[in-house]
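# Structural description and commentary
One letter stands for each residue in the lines below.
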Amino acid sequence: MAIKSSVSLYSLQYQYLTGKMDLEGILKYLKSIDVDGIEILPDQMIPGAPVPSEETLAKWDELMKKYPIGLACDDCFLNTNMFKNRELTKRECIALIKKEIKLAHRLGFKVLRLVSMVPAWILEPCLPTAEKYDVCMCIEIHAGLGFGVPKTEEFLAEMVRLDSPYIGIVPDSGLFCKRPPRVMTEYCRKVYGTNEELIALGNEIFASGTDTYTLTQKNGGKMDPRIAAAIKDPAKDMFFATNLDGYENNPLSVMDPYVKYIKHVHFKLYEMTEDGNEYSIDYKEILQYLHDHGYDGYVSTEYEGNRWVLPDHPIPEVEQVEAHQKMIKRLIREIEG
């Protein structure tokens, strides 16, 4: 049994977008920092996905030979709004997921992450394809779209009913924030001028062991009265207040009923600090939980601090990813010995 580190290539999207790194450059960089595996978004970096050309697939094969690395997870999206005048039919959705399963298999991945809110009804008709191609379909359990959300619960219930090794979950550690990301707070403070009373209240709520998303749900989907009262100027404060709901502060025990279905884990990265730890999330606690429950798979850096970089400042993707990977490797050594 061993927990392995990986990096979602989403974490380096700015490098890719600006041409500083192509796919080969990213793989070369990740090999240089001793990453065990990768998580890829084919929509982002595999032209033509989910049905790329043979030329594109041949280039992928060449890269895998040149930079051998573990293939942790393939991410897909069910884009139901591809047309202006209608959503995709159920038949079209099922056909798309089957194409994604086949692509994951062709690329060499055994785990296919389905984005949050993919409907549960795709599972049973897609299951024979997943079995045939040895690919596990896994819903992402994401903060703000996590446990307790009706569509997530429908997926979990169907997963348990079918109870197949080819259906699972990808918990995202944004579910386990001990405090709001500092980079998000600084962005709102400096760009929007968010008032300090609201910022302090947000931090206080998380420090008390809960979060604003949970309080919103308990209030029937309406903003918690304390947060609403602390909003002095909506133009300055509302962006911060609504973004607070994107982070949750759950106990790790919310995963207990579904531990056997965990096939991959997103290790969210908002900000690495000078002491070598992530600012908002206790990763030693999470890794200890996974170890104690016999998890044998990848944990994947997913950098989202990029969206909170101040205007005219460089996006430190490379530095943040490397620091996060060093932390993960260190903590795995401490826990597994």
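Look a little higher up for the structure.
Quick summary incoming for the structure in this document. Just so we're clear, the structure is a prediction, and the values are computed from it rather than from any experiment.

## Overview of the overall build of the chain
In terms of regular secondary structure, the chain is built from 14 helices and 8 strands. Here the C-alpha radius of gyration of the chain, 20 Å, is about what a compact globule of 337 residues would show, namely 20 Å. Classification of the 337 residues of the chain by burial places 53% in the buried group. Sequence separation of at least 24 residues holds for 79% of the intrachain contacts in the chain that already meet a minimum separation of 6. A total of about 15200 Å² of accessible surface is found on the chain, and carbon and sulfur atoms cover 52% of it. Taking the average location of the 39 positive side-chain charges in the chain and that of its 51 negative ones, the two points are 3 Å from each other.

## Observations concerning the packing of helix H4 (residues 54-66) against helix H5 (residues 90-107)
The relative placement of two packed helices is expressed as an angle between their axes plus a distance between the axes. Across the interface, H4 lies against H5 with an axial gap of 10 Å and an inter-helix angle of 40 degrees. As summarised for this structure, H4 and H5 are arranged oblique, according to the angle between their axes. For the pair H4 and H5, the contacting residues are Leu57, Trp60 and Asp61 in the first and Leu103, Arg106 and Leu107 in the second. Considered class by class, the residues forming the contact of H4 with H5 number 4 nonpolar, no polar and 2 charged.

## So, the state of the cysteines
Tallying each qualifying case throughout the model produces 0 disulfides. Left unpaired, cysteine 73 is separated from the closest cysteine sulfur, that of cysteine 138, by 7.0 Å. For cysteine 73, a relative accessible area of 0% translates into the label buried. Left without a disulfide partner, cysteine 93 is nearest to the cysteine sulfur of cysteine 126, which lies 9.5 Å away.

## Points about unusual backbone geometry
A cis amide bond links alanine 49 with the next residue in sequence, proline 50, at an omega value of 10 degrees. With respect to the secondary-structure elements, proline 50 resides in the loop between helix H3 (42-45) and H4. For methionine 117, which is not glycine, the phi dihedral falls at a positive 80 degrees. With respect to the secondary-structure elements, methionine 117 resides in the loop between strand S4 (111-114) and helix H6 (123-133). Judged by relative accessible area, methionine 117 falls into the partly exposed class, the value being 30%. Despite not being glycine, aspartate 163 shows a phi value in the positive range, around 45 degrees. Positionally, aspartate 163 belongs in the loop between helix H7 (150-162) and strand S6 (167-171).

## Examining the packing of aromatic side chains
Taken as a whole and judged by the stated rule, the model has 8 aromatic pairs. Look at tyrosine 192 and phenylalanine 239: their rings are 4.7 Å apart centre to centre, the planes differ by 25 degrees, and that puts the pair in the stacked class. Of this pair, tyrosine 192 sits in helix H8 (residues 182-192) while phenylalanine 239 is found in helix H12 (residues 234-244), placing the two residues 47 residues apart along the sequence. Joined through ring pairs, the aromatic side chains of Tyr187, Tyr192, Phe239 and Trp308 make up one cluster. In this arrangement the basic side chain of lysine 90 is found over the ring face of tryptophan 121, its NZ or CZ atom lying 5.1 Å from the centre. Geometry around phenylalanine 77 places arginine 113 over its ring, the cationic atom sitting 4.7 Å from the centre.

## Comments concerning H7
With 13 residues, H7 extends 18 Å from end C-alpha to end C-alpha; this agrees with the ideal 18 Å at 1.5 Å per step. Along H7, the positions that sit buried rather than exposed are Thr152, Phe155, Leu156, Glu158, Met159 and Leu162. Buried residues of H7, seen end-on, are gathered within an arc of 165 degrees and therefore sit on one face of the element. Against the buried residues of H7 lie S4, H6, strand S5 (136-141) and S6. Immediately beyond the C-terminal end of H7, within one or two residues, lies aspartate 163, with a positive phi of roughly 45 degrees.

## What to know about helix H9 (residues 196-207)
With 12 residues, H9 should cover 16 Å at 1.5 Å per step; its first-to-last C-alpha distance of 16 Å lies within 8% of that length. Those residues of H9 that sit buried are Leu198, Ile199, Leu201, Gly202, Ile205 and Phe206. An end-on view of H9 places all buried positions within 160 degrees of arc, on one side of the element. Those residues of H9 that are exposed and aimed more than 90 degrees away from the buried face are Glu204 and Ala207.

Rules and cut-offs
- Residues numbered from 1 in each chain as written.
- Predicted model: local features only at pLDDT ≥ 70, side-chain atom pairs only at ≥ 80, totals over all residues.
- Heavy atoms only, no water.
- Helix = DSSP H or I, 4+ residues; strand = E, 2+ residues; numbered from the N terminus.
- Rg over C-alpha atoms; globule rule 2.2 N^0.38 Å.
- Buried < 20%, exposed > 50% of the residue type's maximum accessible area, 1.4 Å probe, protein only.
- Contact = heavy atoms within 4.5 Å.
- Areas by Shrake-Rupley, 256 points an atom, 1.4 Å probe, with all protein chains shown as cover.
- Lys, Arg positive; Asp, Glu negative; His and termini not counted.
- Charge placed at Lys NZ, Arg CZ, Asp CG, Glu CD.
- Axes fitted to C-alpha atoms, helices over the stretch in contact; angles between N-to-C directions.
- Parallel < 35°, antiparallel > 145°, perpendicular 65-115°, else oblique.
- Nonpolar A, V, L, I, M, F, W, Y, C, P; charged D, E, K, R; others polar.
- Disulfide = S-S within 2.5 Å.
- Phe/Tyr/Trp six-rings, centres within 6.5 Å; stacked < 30°, edge-to-face > 60°.
- Lys NZ or Arg CZ within 6 Å of the ring centre and 35° of its normal.
- Expected span 1.5 Å × (residues − 1).
- Arc of directions from axis to C-beta.

None of the figures reported here should be taken as evidence of function without further support.
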